[in-house]
Amino acid sequence: GQMLRQQREGETLPEEDFAEGPSLAEIGRFLRNLLLAAIAAAFLVKLYRALVPGFAHAAAVPRVGYRAALDRLIEVGMRRRFGESRERFARRAARVSPTFGRLTFAHLEGTLGAPEHLPDPDALRAMMRAVGNEIREHTPLWRRLVGSLDPFSWWRVR
């Protein structure tokens, strides 16, 4: 306001006094880059969750192995319902992966049982491989491809 009071009639303010905001194209590029970064981050989380059972500490393998198996099942449309127990979901998922029930029991034993009764991490990893093989056998290729291309499938795991 002070600058306008000192301004003489007919005089204009210099253009550098007016800040120019971002253009619509710049905002569009920023939003596109933000979306691409979010998708890339989601794929990295998905990759991490799939690979971590291979190098996790023995005490963590029941938890992260079970989570990786859940990720694989959700990619093909098998999702735990609200309020559904792990055991009931394992029985329902048996049509896609019969081994998933044993993996569920090992997960519960490893997370809820006594520390001295931890399941063997190598046996758990073998069960995870079996779950993956069974999913490949019982699920059409197109469904597995669609699931693997969904960067946010892990977000829906319960």
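Here, the structure is the one placed above.
Since this is a predicted model, take the numbers as computed values, not measurements.

Q: Can you walk me through the packing of aromatic side chains in this structure?
A: Here a ring pair, both rings aromatic, is described through the centre-centre distance and the interplanar angle of the planes. According to the stated counting rule, one finds three aromatic pairs in the structure shown. Centroid distance Tyr 66 to Phe 100: 5.6 Å. Interplanar angle 15 degrees. Geometry classified as stacked. Of this pair, Tyr 66 sits in helix H3 (residues 61–75) while Phe 100 sits in helix H5 (residues 99–112), placing them 34 residues apart in sequence. The burial state of Tyr 66 is the same as that of Phe 100; both residues are buried.

Q: Sorry, what's going on with the pattern of salt bridges here?
A: It is possible for side chains of opposite charge to pair when their charged atoms get near one another. Under the definition given, this model contains five salt bridges. For the salt bridge of Arg 156 with Asp 150, the shortest nitrogen-to-oxygen distance reads 2.7 Å. On the basis of relative accessible area, Arg 156 is assigned to the partly exposed category, the value being 33%.

Q: How should I be thinking about the packing of helix H2 (residues 24–55) against H3 in this particular structure?
A: Packed helices, taken two at a time, are described by the angle their axes make and the gap between the axes. Viewed as axis vectors pointing N to C, H2 and H3 meet at an angle of 130 degrees, and their least axial separation amounts to 8 Å. As summarised for this structure, H2 and H3 are arranged oblique, according to the angle between their axes. Every pair of crossing elements has a handedness; the one defined by H2 and H3 is left-handed. Here H2 contributes Lys 46, Tyr 48, Arg 49, Val 52 and Pro 53 to the contact with H3, which in turn contributes Val 61, Val 64, Gly 65, Arg 67, Ala 68, Asp 71 and Glu 75. Split by residue class, the contact of H2 with H3 holds six nonpolar, one polar and five charged.

Q: It is not clear to me how a nonpolar patch on the surface should be interpreted in this structure. Could you clarify?
A: Side chains of Leu 24, Ile 27, Phe 30, Leu 31 and Leu 34 sit close together on the surface and give an oily, nonpolar patch of about 540 Å² of accessible area. The exposure class assigned to Leu 31 is partly exposed, which follows from its relative accessible area of 48%.

Q: Teacher, can you tell me more about the side chain of Ser 97 here?
A: Along the chain, Ser 97 falls in the loop between helix H4 (86–93) and H5. Of the residues examined, Ser 97 reaches a relative accessible area of 0% and is grouped as buried. Setting aside residues up to four positions removed in sequence, Ser 97 forms contacts with Val 131 and Glu 134.

Q: Can you help me understand the side chain of Lys 46 in this one?
A: Here Lys 46 is to be found in helix H2. Of the residues examined, Lys 46 reaches a relative accessible area of 10% and is grouped as buried. Among the polar contacts listed, one links the side chain of Lys 46 to the backbone oxygen of Ser 148, at a separation of 3.3 Å. Sequence-distant contacts of Lys 46, defined by excluding residues within four places in its chain, comprise Glu 75, Gly 147, Ser 148, Leu 149, Asp 150, Pro 151, Ser 153 and Trp 154.

Q: Explain the packing of H3 against H5 to me, please; I cannot follow it from the model alone.
A: In contact at an axis separation of 8 Å, H3 and H5 are set at 145 degrees when each is read in the N-to-C sense. Along this stretch, H3 crosses H5, giving a crossing that reads as left-handed. Residue-level contacts link Pro 62, Arg 63, Gly 65, Tyr 66, Ala 69, Leu 70 and Leu 73 of H3 to Phe 100, Leu 103, Thr 104, Ala 106, His 107, Gly 110 and Thr 111 of H5. Looking at the contact of H3 with H5 residue by residue, the class counts come to eight nonpolar, five polar and one charged.

Parameters and conventions
Residues numbered from 1 in each chain as written. Predicted model: local features only at pLDDT ≥ 70, side-chain atom pairs only at ≥ 80, totals over all residues. Heavy atoms only, no water. Phe/Tyr/Trp six-rings, centres within 6.5 Å; stacked < 30°, edge-to-face > 60°. Helix = DSSP H or I, 4+ residues; strand = E, 2+ residues; numbered from the N terminus. Buried < 20%, exposed > 50% of the residue type's maximum accessible area, 1.4 Å probe, protein only. Salt bridge = Lys/Arg side-chain N within 4 Å of Asp/Glu carboxyl O. Axes fitted to C-alpha atoms, helices over the stretch in contact; angles between N-to-C directions. Parallel < 35°, antiparallel > 145°, perpendicular 65-115°, else oblique. Left-handed = near helix turned anticlockwise from the far one by under 90°. Contact = heavy atoms within 4.5 Å. Nonpolar A, V, L, I, M, F, W, Y, C, P; charged D, E, K, R; others polar. Patch = residues over 30% accessible without salt bridge, like charges linked within 9 Å, V, L, I, M, F, W, Y side chains within 5 Å. Areas by Shrake-Rupley, 256 points an atom, 1.4 Å probe, with all protein chains shown as cover. Polar contact = N/O pair within 3.5 Å; in protein donor to acceptor, adjacent residues only side chain to side chain.

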